[in-house]
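# Examination of the molecular architecture
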Amino acid sequence: GDLLLKEVSARLQNLLRGSDTVARLGGDEFVLLISDIHSEEECGLALQRILQKIAAPYTLSGNALSEISASIGVTLYPADKSDPDTLLRHADHAMYAAKQAGKNCFQLFDARMEQRLQARQETLRRVARGLTAGQFQLHYQPKVNCHSNRVIGVEALIRWNHPILGNLTPNEFLPLLEDDDLALALGEWVFREALRQGRIWANQGIVLSISVNAFPRQLQRPN
C-alpha cells in the first residue's frame, strides 16, 4: 500500500508543471492545485491525462501487475468564488459524485450538487433516527418450490414506516446508504430481526430458511 501511494504521488508530480501543487491529504486522497486553466475543455483534457496515468498498471516490489482507478472532483476558481476551505469541500462533494457515477471519471462541482448532498445527509440523519425509533420492519416474501407447491423459505425485505411519507420500499432509501457507515448499523439490525423472527417461528414448529440481503460493506467485515 505504501509503495502504491508513493508511485501514485510520483506519477502526479510528473504530470504537473512547476507552478502547480500536489498534496496528499491522507489515506488515498490527493489534492491538485492547477493554475492557468482557461476553459472547462482544457480542464477536462488535463483530467483525462491524469486518469489515464493513474490507471496504467503498477509493478510493486517485483509482484504481479496491479491496476487502480481514480475518482476526481473538480471546482473551478473564480467561477466558484468560495474561500479555500469551501473550495476543497466543493471538490470533495464532486469527487463523491464521481464515485457514484462509476469511478474512473471526473465530475465538476455545481450548486445543485451541494443541494443533493445536503439532502442525502438529511436523509441519512432521518434513517438513523428512524432506526432508533423502531420505524423499520421486515416483510417476508415466500420462496415456493414450483414442483411441490410448498413454501421452502422466505426472503427478508426491509420496509421503512416513515412518519410522513408512509411505507417506503428499499429502493427508495437503501442506495443512499451504500457508502455510509449507517449501512453497517442497519444491516446488523436486519440480521438480528430476522433471527428473532426465525426463533419465533421455530418455537411454533415452523422451520423455514430465511434469506437476508447484505450490503457489500458488511461482507467485507472480518466478523
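Refer to the structure above for everything that follows.
To keep things clear, this report deals only with the structure shown in the data block. (Residues numbered from 1 in each chain as written. Predicted model: local features only at pLDDT ≥ 70, side-chain atom pairs only at ≥ 80, totals over all residues. Heavy atoms only, no water.)

Let us look at helix α6 (residues 182–203). An ideal rise of 1.5 Å per residue puts 32 Å on 22 residues; α6 measures up with 32 Å between its terminal C-alpha atoms. Residues of α6 that are buried: Leu-182, Ala-183, Leu-184, Leu-186, Gly-187, Val-190, Glu-193, Ala-194, Gln-197 and Trp-201. In the stretch just after α6, Gly-205 is the one whose phi turns positive, near 85°. (Helix = DSSP H or I, 4+ residues; strand = E, 2+ residues; numbered from the N terminus. Expected span 1.5 Å × (residues − 1). Buried < 20%, exposed > 50% of the residue type's maximum accessible area, 1.4 Å probe, protein only.)

Of the two faces of strand β5 (residues 71–74), the one carrying Ser-71 and Gly-73 and the one carrying Ile-72 and Val-74 are both buried. Strand direction decides the pairing type here: β5 and strand β6 (residues 105–108), joined by 4 bridges, are parallel. Bridge pairing in β6 links Val-74 to Leu-108. Each parallel crossover has a hand, and for β5 linked through helix α3 (residues 84–100) to β6 it is left-handed. (Pairing = 2+ DSSP bridges. Right-handed = clockwise from strand over helix to strand, strands pointing away.)

Each aromatic ring pair is described using two quantities: the centre-to-centre distance and the angle formed by the ring planes. As enumerated under the stated definition, the model contains 5 aromatic pairs in all. An aromatic cluster of at least three residues, connected via ring pairs, comprises Phe-136, Trp-160, Phe-173 and Trp-189. For the cation-ring pair, Arg-11 lies above Tyr-58, with the distance from its terminal atom to the ring centre recorded as 3.6 Å. (Phe/Tyr/Trp six-rings, centres within 6.5 Å; stacked < 30°, edge-to-face > 60°. Lys NZ or Arg CZ within 6 Å of the ring centre and 35° of its normal.)

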